[in-house]
Amino acid sequence: MSDASPDGEIRAAGAVLWRPSGRGPEVALVHRQRYDDWSFPKGKRERGEHVLLTAVREVAEETGLKAVLGRPLSAVHYDRGGRPKRVDYWAGRPAAVGRAPFQPNDEVDELAWLPVPSARGRLSYPHDAAMLDEFAAGPAETVPFIVLRHASAGSRTAWPGDDRDRPLDPGGADDADRLAPMLACFGGLRVISSPAERCVATVRPYAALTGADLEIETVLAADQPDEEPGAGAARVAAIVAAGRPAVICAHRENLPLLVAAASAALGAAPPGDHPLRFGEFWVLHAADGGLAAAEHHYPAEP
């Protein structure tokens, strides 16, 4: 089972897992008996696995805790056995459900929760200490707002009916199924969609997976009347201002305006100007009314 990208780079992922305490955040460190070192929970990607899923799976395997991912942290790059290796990290907190007692295993024999200063002294590697400093320099708790382009829905000109009824094509349906666990890495989200079937079907698997209600917003439709050009943007700004984690699914035609509106509600410029591909999404991580970080992902992972 390969853990490498097409260019031969080894891919891995993990998290700076934290929990609140009276002394500020405590972070989880694991001890690996094979190397006699202390580090953050992490591990190699499995074949075809998205790195978001790798991070959550590896944290669960090494700590017994399901992680809810927060803001992304810097990736770590180094050579392992003459091959380049990249480890992607996120801040993360234990989910309210899905916890299991820590069980020592062949890789990890001890789990320690430590305040940041104590953790810095326990870590074995300088790059992990730098990661901890990056975590401590920003907000621990963030709120995700995800803006998603619907998955592939075939040709508009080939569809004989109302364009709002155009369904996902087989590839799009597969991507919608892939998106569900990816979105779940960011915890429980409001699910908000354009009324178009291709948008609703893109987020339906996530809603089914998490038990979330699917909220239809007509102002997010691609064919909004010209006299209401800003209605969708205003609605997205209101969703962000409400402060509840959310995924919003819409269209190529209005996504730039919606991403700009969500960013402006957080006092920031849009995080990028490249058009989102089918099934691609931006995650805007908010804290204290501002934009703490942004990242984008696509269902297929090289």
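Everything discussed here concerns the structure shown above.
### Topic: helix α1 (residues 51-63)
Thinking step 1. An ideal rise of 1.5 Å per residue puts 18 Å on 13 residues; α1 measures up with 18 Å between its terminal C-alpha atoms.
Thinking step 2. Those residues of α1 lying buried are V51, L52, T54, A55, V56, R57, E58, V59, E62 and T63.
Thinking step 3. Trailing α1 by a residue or two, G64 shows a phi angle of about 80 degrees, which is positive.

### Side note on the pattern of salt bridges
Close approach of charged atoms allows side chains with opposite charge to pair.
Thinking step 1. In the structure shown here, the tally under the stated rule is 22 salt bridges.
Thinking step 2. Residue R57 pairs with E49 through a salt bridge whose shortest N-O separation is 2.8 Å. The same class applies to R57 and to E49, which are both buried.
Thinking step 3. A cluster of three or more residues bridged by salt bridges with shared partners is formed by R156, D163, R166, R198, R252 and E253.

### Quick notes on the sheet that holds strand β10 (residues 214-216)
Thinking step 1. With mixed pairing, six strands are arranged side by side in an open sheet as β10-β9-β11-β8-β12-β13. The outermost strands of the open sheet, each flanked by one partner alone, are β10 and β13 (290-297). Direction aside, neighbouring strands of the sheet carry axes that sit 20 degrees apart on average.
Thinking step 2. Looking at chain direction, strand β9 (residues 190-193) and β10 are connected through three bridges and run parallel. Bridge assignment links S193 to a residue of β10, and that residue is I216.
Thinking step 3. Helix-sheet contacts for helix α4 (residues 170-184) involve β8 (143-149), β11 (246-250), β12 (281-287) and β13, and the interaxial angle to β12 is about 15 degrees.

### Some thoughts on the packing of helix α6 (residues 231-242) against helix α7 (residues 255-265)
Helix packing for two helices is described by the angle between their axes and how far apart those axes are.
Thinking step 1. Packing of α6 against α7 leaves a shortest axis separation of 8 Å and a crossing angle of 40 degrees. The two elements α6 and α7 cross, and the hand of that crossing is right-handed. Of the residues in α7, those touching α6 at G232, A233, V236, A237 and V240 are L257, L258, A261, A262 and A265.

### Quick word on the pairing of β8
Thinking step 1. Burial of β8 is extensive: six of the seven residues sit out of reach of the surface.
Thinking step 2. Where β8 meets β11, five bridges bridge the pair, whose relative direction is parallel. Each bridged residue has a counterpart across the sheet, and for V147 the counterpart in β11 is I248.

### A look at the nonpolar core
Thinking step 1. Judged by nonpolar contacts, the single largest core of 33 residues is most densely connected at L52, L69, I146, F186 and F281.
Thinking step 2. At the level of secondary structure, the elements contributing two or more residues to this core comprise β1 (10-19), α1, β5 (67-80), β8, α4, α5 (197-210), β11 and β12.
Thinking step 3. Filtering out sequence-adjacent residues up to four positions away, F281 remains in contact with L52, I146, V147, L148, L179, M182, L183, F186, L276, E295, H296 and H297.
Thinking step 4. Membership of the second largest hydrophobic core comes to 21 residues, among which are W18, V27, L132 and A140.

### Quick notes on the layout of surface pockets
Thinking step 1. The volume enclosed by the largest pocket comes to roughly 470 Å³.
Thinking step 2. Elements with a contribution of two residues or more to the lining of the largest pocket: β3 (37-39), β4 (42-44), α1 and β5.
Thinking step 3. Residue classes in the lining of the largest pocket are distributed as five nonpolar, three polar and twelve charged.
Thinking step 4. Roughly 220 Å³ of volume is contained in the second largest pocket.
Thinking step 5. Every residue along the wall of the second largest pocket is listed here: K66, A67, V68, R93, A95, A96, V97, A184, G187, G188, L209 and T210.
Thinking step 6. When contributions to the lining of the second largest pocket are tallied by element, the ones reaching two or more residues are β5 and α5.

### Observations regarding the environment of L65
Thinking step 1. Tracing the sequence through the fold places L65 in the loop between α1 and β5.
Thinking step 2. Classification of L65 as buried rests on a relative accessible area of 11%.
Thinking step 3. Taking the C-alpha atoms as reference points, L65 and A96, separated by 31 residues in sequence, lie 9.5 Å from one another.
Thinking step 4. If sequence neighbours within four positions are ignored, L65 has contacts with L17, V59, A60, P94, R99 and W113.

Conventions used here
Per chain, residues are indexed from 1 in the order of the written sequence. It should be noted that, the model being predicted, local features are given only for residues of pLDDT at least 70 and side-chain atom pairs only at 80 or more, the latter also being counted only at that level, while totals for whole chains, interfaces and linings use all residues. Note that the side-chain values use all heavy atoms of the structure and ignore hydrogens as well as water. Helical segments are the DSSP runs of H or I of at least four residues, strand segments are the runs of E of at least two, and each set is numbered from the N terminus. A helix is expected to reach a length of 1.5 Å times the quantity of its residues less one. The buried label goes to any residue with under 20% of its type's maximum accessible area, the exposed label to any with over 50%, and the partly exposed label to all in between, with areas taken from a 1.4 Å probe on protein chains only. Salt bridges, as used here, are contacts in which a Lys or Arg side-chain nitrogen is within 4 Å of a carboxyl oxygen on Asp or Glu. For two strands to be treated as a pair, DSSP must find at least two bridges joining them. Axis definition: a line fitted to C-alpha atoms, limited for helices to the stretch in contact. Angles are taken between N-to-C directions and run from 0 to 180 degrees. We call two residues in contact whenever any of their non-hydrogen atoms come within 4.5 Å of each other. Definitions for this section: a left-handed crossing has its near helix turned counterclockwise from the far helix by less than a right angle. A right-handed crossing has that turn clockwise. Grouping buried Ala, Val, Leu, Ile, Met, Phe, Trp, Tyr and Cys residues that are joined through side-chain atoms within 4.5 Å yields what is termed a nonpolar core. The distinction between a cavity and a pocket rests on a 1 Å grid over the protein atoms alone: a 1.4 Å probe fits inside a cavity but cannot get out, while a pocket stays open yet meets protein on both sides within 12 Å along at least five of seven lines, and a residue with an atom within 4 Å of a point counts as lining. Grid points are joined across faces, edges and corners, and a volume is the space filled by probe spheres set on the points. Note on residue classes: Ala, Val, Leu, Ile, Met, Phe, Trp, Tyr, Cys and Pro are nonpolar, Asp, Glu, Lys and Arg are charged, and everything else, Gly too, is polar.

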